[in-house]
Amino acid sequence: MSLAKTDPQLLRYGVWTRLLHWLVAISFVLLVLSGLPFFHPFFWSLTGLFGGPTMTRILHPWIGLFLSLLFVLMAIRFFKESLFKRHDVQWLKQIDDVLTNRDEKLPPVGKNNAGQKLVFWVMLLCIPLLLITGVLMWQPLVGEEVPITLRRLASVSHAYLAFLAIITLIIHIYSGIWVKGSFQAMVRGRVSKAWARHHHDLWYEEEMEKERKHREISRRHASRRGESP
């Protein structure tokens, strides 16, 4: 019997997607922890996590470069499904219903809701700009060749962009915990069909259509085998 006929769950994220997501997430957390000590003295003790101030200063830009490379892959992977559609605009207009769990009033949702798409686009804005501003400050590799005025502007921009990215990450984590099943989906890769129908009904219908087509193809193959001499 085919998997499409018996599996009560749907594959939401494949192994590569989950691995990429967690590598980006871990890299971003390390980047934040290594960057905060240079933002304010209150966080200076965090340098101990990386072997002291000097090693933290050395590692921070390399972690950022590693994160940027991973994020390019993630951006390619999630770009198409993060494009905004008409129902996403309506979802945002009904943000009060989202926050008060009045799901029955919300418009249909695809694989990603408008909130998830906003996270993608904010990070797509922030990470390249963080890379550029970070490179302009990177000493001694680049920073010493950059005019001091441009370096100061890069420093201020880097701080504001980092703040925006950190707030976005916090909201993303909170949403993943708030919507029961979301965190598990990124860990195990699969969700129940009931969960998919409730939270992402358009995506659920698309997956059900794929299953129906798969069953139809399987029946045709079985019929042809039965007719063969």
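The structure displayed is predicted, hence computed values, not measured ones. (Residues numbered from 1 in each chain as written. Predicted model: local features only at pLDDT ≥ 70, side-chain atom pairs only at ≥ 80, totals over all residues. Heavy atoms only, no water.)

Things to note about the overall build of the chain
We count it as follows: Where helices and strands are cited, they refer to DSSP runs of H or I of at least four residues and of E of at least two residues respectively, numbered from the N terminus. What the globule rule says is 2.2 Å times the number of residues to the power 0.38, and the radius of gyration is computed from C-alpha atoms. Each residue's exposure class comes from its accessible area (1.4 Å probe, protein chains only) as a fraction of the maximum for that residue type: buried when under 20%, exposed when over 50%, partly exposed otherwise. We call two residues contacting when some pair of their heavy atoms lies within 4.5 Å. Computed by Shrake-Rupley with a 1.4 Å probe, the accessible areas treat only the displayed protein chains as cover when residues are assessed.
The helix and strand inventory of the chain stands at 10 helices and two strands. The secondary structure elements of the chain, listed N-terminal to C-terminal, are α-β-α-α-α-α-α-α-α-β-α-α. Against the globule reference of 17 Å for 229 residues, the chain gives a C-alpha radius of gyration of 23 Å, more extended than a compact globule. Counting every position in the chain, which comprises 229 residues, the buried fraction comes to 35%. For the chain, long-range pairs separated by at least 24 residues make up 68% of all intrachain contacts whose partners lie at least 6 apart in sequence. Total accessible area on the chain is roughly 14,600 Å²; 67% of this is exposed by carbon and sulfur atoms.

As for the UniProt feature "transmembrane region" (unreviewed entry) in the chain
Here is the rule: UniProt positions are given in the numbering used here, feature names are shortened, and annotations may be inferred rather than shown by experiment.
In the numbering adopted here, UniProt assigns the feature "transmembrane region" (unreviewed entry) to residues 20-39, 59-79, 118-138 and 158-179. Between the C-alpha atoms that bound residues 59-79 the distance is 29 Å, and the span itself is 95% helix and 0% strand.

Description of unusual backbone geometry
In this structure, Asn101 is a non-glycine residue whose phi angle is positive, near 60 degrees. On the secondary structure map, Asn101 appears in the loop between α5 (95-99) and α6 (114-137). Asn101 gets classed as partly exposed once you look at its relative accessible area, which sits at 48%.

Here we look at the packing of helix α4 (residues 86-93) against α6
Here is the rule: Axes here mean lines fitted to C-alpha atoms, for a helix over just the part in contact, with angles spanning 0 to 180 degrees between N-to-C directions. Roughly parallel means an angle under 35 degrees; roughly antiparallel, over 145; roughly perpendicular, 65 to 115; everything else is oblique. Classification used: nonpolar for Ala, Val, Leu, Ile, Met, Phe, Trp, Tyr, Cys and Pro, charged for Asp, Glu, Lys and Arg, polar for all others including Gly.
Running from N to C, α4 and α6 cross one another at 100 degrees; their axes reach a closest spacing of 9 Å. Classified by the angle between their axes, α4 and α6 sit roughly perpendicular to one another. Across from Asp88, Trp91 and Leu92 in α4, the residues of α6 making contact are Ala114, Gly115, Lys117 and Leu118. Of the residues that constitute the contact of α4 with α6, the class distribution is four nonpolar, one polar and two charged.

Considering the environment of Ala114
Structurally, the position occupied by Ala114 is in helix α6. Given a relative accessible area of 0%, Ala114 falls into the buried group. Once the C-alpha coordinates of Ala114 and Glu144 are considered, the two residues, 30 residues apart in sequence, prove to be 42 Å apart. Those residues within four positions of Ala114 in sequence are excluded, and the remaining contacts are Phe84, Asp88, Trp91 and Leu92.

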